[in-house]
Amino acid sequence: QVQLVESGGGLVQPGGSLRLSCAASGRTFSTYAMGWFRQAPGKEREFVAAINWRDTSTYYAGSVKGRFTISGTSAKNTLLYLQMNSLKPEDTAVYYCAATAGGYSPADFLKSPYWGQGAQVTISS
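Computed from a predicted structure; not experimentally measured.

Undergrad: Can you tell me about the nonpolar core, naming the residues and giving the values?
TA: Membership of the largest hydrophobic core comes to 34 residues, with the highest contact counts inside it found for Leu-4, Met-34, Trp-36, Leu-80, Leu-82, Met-84 and Tyr-95. Sorting the residues of this core by element identifies β1 (2-7), β3 (18-26), β4 (33-39), β5 (46-52), β7 (68-73), β8 (79-84), β9 (93-100) and β11 (119-123) as the ones contributing at least two each.

Next up, the structure:
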């Protein structure tokens, strides 16, 4: 089992920045990739960004590319970050950290049992 805990959410004005963190514990050596998803009220959970630990390649949704940066380490203490810049009101959502034991597509994450509890991000003036 892998346990994921997000932190760093909050209220930010439009144009501001925020960094989310995700700490992984348990059988972290089994993780193949980690990523971030978000879910706004009344909407489906959507892919934001992912990182493949095998070659550290990264992937982004078009709506956040150029504004968000995913990073982290899969060493002994597995940590995942999401640096969010130039935030917009439409970025408001609960952000979830997720991990897979194989694959790194959005579908692979959605099938995975490894999810954090979520962190609220609100962009408002």
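Moving on from the coordinates now.
Undergrad: Would you mind going over the sheet that holds β7 in detail, with residue names and values included?
TA: The strand order across the open sheet built from four strands is β1-β3-β8-β7, with neighbouring strands paired in antiparallel fashion. Each of the sheet's edge strands pairs with one partner strand only, and the pair in question is β1 and β7. For this sheet, the mean inter-axis angle between neighbouring strands, taken without regard to orientation, is 15°. Sheet topology places β7 next to β8; six bridges connect them, and they run antiparallel. The residue of β8 that forms the bridge with Ile-70 is Leu-82.

Undergrad: Please provide a residue-by-residue account of unusual backbone geometry, values included.
TA: The backbone of Thr-56 shows a phi angle near 55°, a positive value even though the residue is not glycine. For Thr-56, a relative accessible area of 52% translates into the label exposed. In this structure, Ser-86 takes a positive phi of about 50° despite not being glycine. According to the relative accessible area criterion, Ser-86 is partly exposed, its value standing at 42%.

Calculation notes
Numbers given for residues are sequential positions, taken from 1 along each chain in its written order. Per-residue local features are limited, in this predicted model, to residues with pLDDT of at least 70; the limit for side-chain atom pairs, both in listing and counting, is 80 or more; totals at the level of whole chains, interfaces and linings are taken over all residues. Each side-chain value is derived from all of the structure's non-hydrogen atoms; neither hydrogens nor water enter the calculation. In these notes, a set of buried Ala, Val, Leu, Ile, Met, Phe, Trp, Tyr and Cys residues joined through side-chain atoms within 4.5 Å is what counts as a nonpolar core. Type-normalised accessible area, obtained with a 1.4 Å probe on protein chains alone, sets the label of each residue: buried when under 20%, exposed when over 50%, and partly exposed for intermediate values. Labels follow the DSSP assignment, with helices taken as runs of H or I lasting at least four residues and strands as runs of E lasting at least two, numbered in each case from the N terminus. The pairing criterion is simple: DSSP has to find at least two bridges between the two strands. Fitting a line to C-alpha atoms yields each axis, with helices limited to the stretch in contact; the angle taken between N-to-C directions then spans 0 to 180 degrees.

Distances and angles like these do not, on their own, reveal function.
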